[in-house]
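Spelled out from the first residue to the last, the chains are:
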Amino acid sequence: LSFVAGLTAMLWFLHLHRRTNEAIALFFDSLRSGDTALQFPRQFNSRSMNALFESMNSLNRHFQEIRIKNESNENYYRTLIRHSATGMVVLNRSNEIGLMNETACRYAGLAPETTNYQVLAVKNPEFFRALCAMVPGENVTYRNVIRNSIQLLFFRATLIRREGDAVKLISI
């Protein structure tokens, strides 16, 4: 009888150990993929499992709050850039345009409602090259020709570190 009880206890312990490891792996996988909707049950037969699951749920809620706050901040800055009277362009390290407001589109000869900013490299390659050549902290005067009209534009670039990467914010 004691052998059966010992075997049952060992099997229960192995089951609990496996379930704990699976839950922790699932938790980390969900965080890695940005899924903060995952919630673990609070009614479990073990006080330690309940405490572990409650801690994981609490940490998950904390990451969810951080993600929501970051998304809100990003939307705020995107809105500021879009509505700025100053031309603004955001370039990543690969010189891909991530954001370009209406004023910058007009300077570049693009329709203000343009959403495919990569077309700038084709429609106005000189303007695009000038943006790509900008060095953060430097000011450049650029001679822009749009529809037989000459404009002198003043470019200034700033390096902004974001999400482990850096982008150039260019004001025109």
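Shown above is the structure to which this text applies.
Notes on the structure in this doc start here. Residues take numbers from 1 onward in each chain, read along the sequence in its written order. Two thresholds apply to this predicted model, a pLDDT of at least 70 for residue-level local features and 80 or more for giving and counting side-chain atom pairs, whereas whole-chain, interface and lining totals are computed over all residues. Side-chain metrics in this entry use all non-hydrogen atoms of the structure; hydrogen atoms and water are not considered.

### Focus: the overall build of the protein chain
Thinking step 1. The secondary structure content of the protein chain amounts to five helices and five strands.
Thinking step 2. For helices the rule is a DSSP run of H or I covering at least 4 residues; for strands it is a run of E covering at least 2, with both sets numbered from the N terminus onward. Its helices and strands in sequence order give the protein chain the pattern α-α-β-β-α-α-α-β-β-β, from N to C terminus.
Thinking step 3. Put simply, the radius of gyration uses C-alpha atoms, and a globule should come to 2.2 Å times the residue count raised to 0.38. Relative to a compact globule of 172 residues, whose C-alpha radius of gyration would be 16 Å, the protein chain shows 27 Å and is clearly more extended.
Thinking step 4. Projected onto its principal axes, the C-alpha positions of the protein chain cover 100 × 30 × 25 Å.
Thinking step 5. Within the span of the protein chain, comprising 172 residues, buried residues form 30% of the whole.
Thinking step 6. Any two residues whose heavy atoms approach within 4.5 Å at even a single point are treated as in contact. Of all intrachain contacts in the protein chain linking residues separated by at least 6 positions in sequence, the fraction that spans at least 24 positions is 35%. The cut-offs for exposure are 20% and 50% of the maximum accessible area for each residue type, with area from a 1.4 Å probe on protein chains only; residues under the lower value are buried, those over the upper are exposed, and the others partly exposed.

### Concerning the pattern of salt bridges
Thinking step 1. The term salt bridge refers to a pairing of a side-chain nitrogen on Lys or Arg with a carboxyl oxygen on Asp or Glu at a separation within 4 Å. Scanning all chains against the criterion turns up seven salt bridges.
Thinking step 2. Residue Asp29 is joined to Arg32 by a salt bridge in which the shortest nitrogen-to-oxygen separation is 2.7 Å. Of this pair, Asp29 and Arg32 both sit in helix H1 (residues 2–32), separated by three residues, roughly a single helical turn.
Thinking step 3. For Arg32, a relative accessible area of 65% puts it in the exposed group.
Thinking step 4. Where Arg93 meets Asp165, a salt bridge forms, and the shortest distance between an N and an O atom there is 2.9 Å.

### A few points about the sheet that holds strand S1 (residues 88–91)
Thinking step 1. Across the sheet, which stays open at both edges, the five strands sit in the order S2-S1-S5-S4-S3 with antiparallel pairing between neighbours. Edge positions in the open sheet fall to strand S2 (97–100) and strand S3 (139–146), since each of these has one partner strand only. Ignoring strand direction, the axes of neighbouring strands in this sheet form an average angle of 25°.
Thinking step 2. In this description, strands pair whenever DSSP reports at least two bridges between them. Here strand S4 (residues 149–162) pairs with strand S5 (residues 165–171) via seven bridges, running antiparallel. The partner of Ile160 across the bridge, within S5, is Val167.
Thinking step 3. Its contacts with the sheet put helix H2 (residues 47–83) on S1, S2, S4 and S5, and the angle it makes with S2 is roughly 60°. Every angle, taken between N-to-C directions, lies between 0 and 180 degrees, and every axis is a line fitted to C-alpha atoms, over only the stretch in contact when it is a helix.

### Remarks on the environment of Glu96
Thinking step 1. For Glu96, the position within the fold is in the loop between S1 and S2.
Thinking step 2. Classification of Glu96 by relative accessible area gives partly exposed; the value is 43%.
Thinking step 3. Distance in space between the C-alpha atoms of Glu96 and Ala121 is 9.7 Å, their sequence separation being 25 residues.
Thinking step 4. Look past the residues within four positions of Glu96 in its chain and what remains in contact with it is Val90, Leu91 and Gln118.

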